[in-house]
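Residue-level listing of the chains:
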Amino acid sequence: MDAQGRGRADDIDPADQWVLNPNTGEYELRLTPSAPQSAVPGPRSRTTPRPAGPSGTPRGRTAAPGRTSPADAPGRDVPAPRRRRGAPEEPPPGRRNRRPVKKKARGKKILLWTGGVMAFVLVGTAGAAYLYLKHLEGNVTTEDVGNVADDGFSKDEAFNILIIGTDKRTGSGNEGYGDKGSVGHADTNILLHVSKDRTNATAMSIPRDLIVDIPDCEVTEDDGTQKIIPGTQHQRFNTSLGQDGRNPGCTMKTVEELTGIDVNHFAMADFNAVKTLTSAVGGVEVCLAKDVDDPDSHLKLSAGKHTIEGEQALAFVRTRHSFGNQGDLDRIKVQQQFMSSLMRKMTSGDTLTSPTKLIKLANAATKALTVDTGIGKASTLKDVALELKKVPMKNITFTTVPVKDNPAEVVKATVVPLEPNASQVFNMIKSDTSFTEVKAQEKKEKAAVAARLKGPKSDASEVRVRILNGGAAAGSAQEELTYLQTEAGVTKSENAGNADESQKKTTLEYAPDQADQARRLAAILGLKGSMMKPGKSVTNSQGLPTMTLTLGEDFKGAGVKMNSTATASNVDKTTANEVKCAK
């Protein structure tokens, strides 16, 4: 036992019981006697305590052979334990439960003590984790949506969870947000898809103002009876929840009808979730490209980086009049940036190594959510979180259903799916296709295309090419031929008339052994790598192998270079590891 265990450390810092042995470089427990202490009662069979010997070993005992007591270690002079300045007289025998006065210990001592506590925690983890999960069990609110949701959760399959943020004004301090009379519409909606192999995930936002067909759905009344709520056509997506008594199961069915994707579970949160989760992790960092002062959401922040939590965090994700065109689609982008930052903070070392933050986070998350009965246990929610945690942050993609303004409206207030882009996104999720892998493949293909322009180039006089008109203005092939022969030095060229079919883009097809010629012609015409088509050559009128230049609808005129710096993207997307500033 150490000094405190023998009842002689009431006014000695427990950390001072450990001293650094300069010979070993390790801390050792000091057993030398302290300043005069009160007598310590001995075993009942004895009437007097056994005093300590000069080496710190109690009399009647000897140190183990080959060992020396810490005080006798060669080359060290261990001072006596320090008594606290102004310490009171020793308590009478038997008062051994008095706590020692707290004193700030040095860093190494703190680390040593912490290591001991962590060892204890590791030993007791299994039992403690079970008890804590049972505690969290009481936090979770569930709602039965019948067979719309799965009965349980599978760790071995891809899964889709619909995350719903309602605009219901429940909770303290939320009176100033949302629609006063709202029954809790689906204000923020994200379909989270996690791949089967856990290498990637996609979080697809569904705009609340998206026009959809809401199907019939069955709900359970308070008295336990079942009721069918008729579907409605051409309605805002947010009315799939709350309106006419619809529950989250109705929203799940609406998503399935819209996308063709099987939705396994739902998790619903109100305004309080943002406030409690951000406070639990100690705030979330956001970045603004400009000053914001929104009287509606009460958000007031200067340009630059800020750490926000609680009411301020809620105002940030609620504001619609500070970014972009002040519409819901721009608010979705800001919310995605916020969620990326929240995910980074939740998985950061600062959070994962803090038991206090983890406990706060677990409590906040379970209290903030309403989920279906299939994942309604805290242990199941833990399993879901652990499966999601396997996905690398850089492979979590945030995207939004591709949309366009509703053509049926004069004053644009709603949107409709943009096809075929929307169906392409839905099919990628349905087929468990990674957006990040597609992005990587596109990058790889882009590099391969760019490589077509790199390498040696033939002289212009060695370039042999025939020209076809494949959709350009009449006479373009002849005009281009004249330019090549008279101004560009490509004398071995000829007009081959019209192509069999029209094409949007101008192309140059060539055989592998004509790559040098192709690169020279691409430089002359300003062809992009995507316009160069490795393939085969044809025989010209002289019986010699020649390349084929087909002028498409994009042909800009003889002598006008084709390359351009403009780029386009069909799908707006970001990943969770990207840090962006709200604009």
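Just so you know, the residues in each chain are numbered from 1, in the order the chain's sequence is written. Side-chain atom pairs in this predicted model are given and counted only at pLDDT of 80 or more, local residue features only at pLDDT of at least 70, and totals for whole chains, interfaces and linings cover all residues. The side-chain numbers reported here are obtained from all heavy atoms of the structure, hydrogens and water having been left aside.

*Asks:* Hey, could you run me through the overall build of the chain in this one?
*Replies:* Regarding its fold elements, the chain presents 13 helices and 26 strands. Accessibility here uses a 1.4 Å probe with only protein chains present; expressed as a share of the type maximum, an area under 20% marks a residue as buried, one over 50% as exposed, and anything in between as partly exposed. Counting the 583 residues in the chain, one finds 42% classified as buried. All accessibility values rest on the Shrake-Rupley procedure with a 1.4 Å probe; residue burial counts only the protein chains present in the view. Accessible surface, the chain: about 31,600 Å² in total, of which carbon and sulfur atoms supply 53%. Strands here mean DSSP runs of E at least two residues long; helices mean DSSP runs of H or I at least four residues long; both are numbered from the N terminus.

*Asks:* Got a minute to help me understand the nonpolar core in this structure?
*Replies:* General note: in soluble globular proteins, nonpolar side chains tend to be found buried as a group. Residues grouped as a nonpolar core are buried Ala, Val, Leu, Ile, Met, Phe, Trp, Tyr and Cys residues, joined through side-chain atoms within 4.5 Å. Counting residues in hydrophobic clusters, the biggest one holds 30 residues, and the most contacted among them are Met204, Ile206, Leu210 and Met252. Breaking this core down by element, the ones donating at least two residues are strand E4 (159–166), strand E5 (186–194), strand E7 (211–214), helix H3 (248–259), strand E11 (265–269) and helix H10 (421–430). Within the second largest apolar cluster, 27 residues are counted, among which are Ala477, Tyr483, Met531 and Phe555.

*Asks:* What's the story with the sheet that holds E4 in this structure? I'm lost.
*Replies:* Backbone-to-backbone hydrogen bonds join strands into a sheet, with any given pair of strands oriented parallel or antiparallel. Whether two strands pair comes down to DSSP finding at least two bridges between them. The sheet built from 8 strands is open, its strands ordered E3-E16-E11-E4-E5-E6-E17-E26 with mixed pairing. Either end of the sheet is taken by a strand with one partner, and the two such strands are strand E3 (141–143) and strand E26 (573–575). The average angle at which neighbouring strand axes cross in this sheet is 25 degrees, direction not considered. Both E3 and strand E16 (residues 369–372) contribute to a ladder of 3 bridges, which runs parallel. Bridging across to E16, Glu143 finds its partner in Asp372. Contacts between helix H6 (residues 328–346) and the sheet are confined to E5, strand E6 (201–205), strand E17 (396–400) and E26, with E17 contributing the most and set at about 165 degrees to the helix. Any pair of residues with heavy atoms lying within 4.5 Å of one another is described as a contacting pair. To obtain each axis, a line is fitted to C-alpha atoms, and for helices this fit is confined to the stretch in contact; angles are then taken between N-to-C directions over 0 to 180 degrees. The sheet contacts of helix H8 (residues 355–368) involve E11 and E16, and relative to E16 the element is tilted by about 60 degrees.

*Asks:* What should I look at first to understand the side chain of Ser240 in this one?
*Replies:* Inspection of the secondary structure puts Ser240 in the loop between strand E10 (232–236) and H3. Of the polar contacts made by the side chain of Ser240, one reaches the backbone oxygen of Phe237; its length is 2.8 Å. Not counting residues up to four positions away in its chain, the partners in contact with Ser240 are Ala186, Ile214, Arg246, Asn247, Cys250, Thr251 and Thr254. N or O atoms closer than or at 3.5 Å make up a polar contact, with two conditions inside protein: a donor-capable atom paired with an acceptor-capable one, and, for residues adjacent in sequence, both atoms drawn from side chains.

*Asks:* Where do I start with the packing of helix H12 (residues 476–486) against helix H13 (residues 515–525) in this structure?
*Replies:* Packed helices, taken two at a time, are described by the angle between their axes plus the distance between the axes. Running from amino to carboxyl end, H12 crosses H13 at an angle of 105 degrees, the nearest separation of the two axes being 12 Å. Considering the angle they form, H12 stands roughly perpendicular to H13. Between H12 and H13, the residues in contact are Glu480, Tyr483 and Leu484 and Leu521, Ile524 and Leu525, respectively. Looking at the contact of H12 with H13 residue by residue, the classes come out as 5 nonpolar, no polar and 1 charged. Relative orientations are named as follows: roughly parallel for angles under 35 degrees, roughly antiparallel for angles over 145 degrees, roughly perpendicular for angles from 65 to 115 degrees, and oblique for any other angle. Under this grouping Gly is polar, as are all residues other than the nonpolar Ala, Val, Leu, Ile, Met, Phe, Trp, Tyr, Cys and Pro and the charged Asp, Glu, Lys and Arg.

*Asks:* It is not clear to me how H8 should be interpreted in this structure. Could you clarify?
*Replies:* The α-helix winds at 3.6 residues per turn, so residues separated by three or four positions along the chain end up facing the same way. With 14 residues, H8 ought to run about 20 Å at 1.5 Å a step, and its terminal C-alpha atoms sit 20 Å apart, in line with that. Residues of H8 that are buried include every one of Lys357, Leu361, Asn363, Ala364, Thr366 and Ala368, and no others. Under the convention used throughout, the expected extent of a helix is 1.5 Å for every residue step, that is, one less than its residue count.

*Asks:* Sorry, what's going on with the pairing of strand E8 (residues 217–220) here?
*Replies:* Across a regular strand the side chains alternate sides, sitting on one face of the sheet and then on the other. Of the two faces of E8, only one is covered, namely that formed by Cys217 and Val219; the face formed by Glu218 and Thr220 stays uncovered. Taken together, the 4 bridges between E8 and strand E9 (residues 226–229) define a ladder with antiparallel strand orientation. Note on E9: the bridge partner recorded for Cys217 is Ile229. Here E8 folds back onto E9, and the loop between the two strands holds 5 residues, one of which, Gly224, carries a positive phi near 95 degrees.

*Asks:* I would appreciate a short explanation of the state of the cysteines in the present structure.
*Replies:* Linking two cysteines covalently via their sulfur atoms produces the bond known as a disulfide. By convention in this document, the label disulfide applies to cysteine sulfur atom pairs within 2.5 Å. A full pass over the atoms with the stated rule returns 2 disulfides. What pairs with Cys217 in a disulfide is Cys250, and their sulfur atoms sit 2.0 Å apart. What sets the handedness of the Cys217 and Cys250 disulfide is the S-S torsion sign, and at about 80 degrees it is right-handed. Of this pair, Cys217 sits in strand E8 while Cys250 sits in helix H3; the two residues are 33 residues apart in sequence, bridging distant segments of the chain. Accessibility expressed as a relative area gives 1% for Cys250, which makes it buried.

*Asks:* Please explain the pattern of salt bridges as it appears in this structure.
*Replies:* Pairing of side chains with opposite charge becomes possible as their charged atoms draw close. Between Lys or Arg on one side and Asp or Glu on the other, a salt bridge is scored when a side-chain nitrogen of the former is within 4 Å of a carboxyl oxygen of the latter. Throughout the structure, instances matching the rule amount to 14 salt bridges. A salt bridge links Arg331 to Asp187; the nearest nitrogen and oxygen atoms lie 3.5 Å apart. With a gap of 144 residues between them, Arg331 in helix H6 and Asp187 in strand E5 connect regions that are remote in the sequence. Asp244 serves as the salt-bridge partner of Arg246, at 4.0 Å between the closest nitrogen and oxygen. Residue classification places Arg246 among the buried residues on the basis of a relative accessible area of 5%.

*Asks:* Sorry if this is basic, but what is going on with the confidence of the model for the chain here?
*Replies:* Close inspection of predicted coordinates is inappropriate in any region flagged by low pLDDT. Per-residue confidence for the chain averages 78 on the pLDDT scale, and 72% of its residues sit at or above 70. The score called pLDDT rates the predictor's confidence residue by residue, from a low of 0 to a high of 100. Confidence drops under a pLDDT of 50 for residues 93–126, and excluding neighbours within four residues, the segment shows 26 contacts in the predicted structure.

*Asks:* I keep staring at H3 and nothing clicks. Help me out?
*Replies:* Given a rise of 1.5 Å per residue, 12 residues ought to cover 16 Å, and the 17 Å separating the end C-alpha atoms of H3 matches this to within 8%. Within H3, 9 of the 12 residues are buried, which leaves it mostly tucked inside the rest of the structure. Two to three positions downstream of the cap, the backbone nitrogen of Gly249 sits 2.9 Å from a side-chain oxygen, assigning the N-cap of H3 to Asn247. Trailing H3 by a residue or two, Gly260 shows a phi angle of about 80 degrees, which is positive.

*Asks:* I would appreciate a short explanation of the pairing of strand E20 (residues 464–469) in the present structure.
*Replies:* Counting buried positions along E20 gives 5 out of 6 residues, so the element sits mostly inside the fold. Pairing of E20 with strand E21 (residues 492–498) involves 5 bridges; the strand directions are parallel. Paired with Ile467 across the strands is Asn495, a residue of E21. After leaving E20, the chain enters H12 and then returns to the sheet as E21, a path that is right-handed. By the bridge criterion, 5 bridges tie E20 to strand E25 (residues 545–551) in an arrangement that is parallel. Its bridge partner lying in E25, Ile467 is registered against Leu549. The handedness of a crossover follows from its direction of travel: if, with the strands pointing away from the viewer, the path from the first strand over the helix to the second runs clockwise, the crossover is right-handed.

*Asks:* When you look at the packing of aromatic side chains in this model, what are you seeing that I'm missing?
*Replies:* Working definition: an aromatic ring pair is given by the centre-to-centre distance plus the angle between the planes. Each pair of aromatic rings taken from Phe, Tyr and Trp, with Trp reduced to its six-membered ring, is defined by centres within 6.5 Å and is described as stacked if the planes are under 30 degrees apart, edge-to-face if over 60, and tilted in the remaining cases. Applying the stated criterion to the full structure yields 2 aromatic pairs. With centroids separated by 5.0 Å and ring planes inclined at 80 degrees, the aromatic side chains of Phe153 and Phe159 adopt a geometry described as edge-to-face. Neither Phe153 nor Phe159 differs from the other in exposure class; each is buried. When the ring of Phe316 is compared with that of Phe338, the centres are 6.0 Å apart and the planes differ by 35 degrees; the resulting orientation is tilted. Here Phe338 lies in helix H6 and Phe316 lies in helix H5 (residues 310–318), a separation of 22 residues in the sequence.

*Asks:* I keep staring at the environment of Asn421 and nothing clicks. Help me out?
*Replies:* Note on placement: Asn421 falls in helix H10. Given the relative accessible area of 10%, Asn421 is considered buried. With 19 residues separating them in the primary sequence, Asn421 and Pro402 have C-alpha atoms 6.2 Å apart.

*Asks:* Which parts of the structure should I look at to understand the packing of H5 against H6?
*Replies:* At a minimum axis separation of 8 Å, H5 and H6 run at an interaxial angle of 140 degrees. Judged by the inter-axis angle, H5 sits oblique to H6. Listed contacts from H6 to Ala313, Phe316, Val317 and Arg318 of H5 are Arg331, Val334, Gln335 and Phe338. Across the contact of H5 with H6, the residue classes break down as 5 nonpolar, 1 polar and 2 charged.

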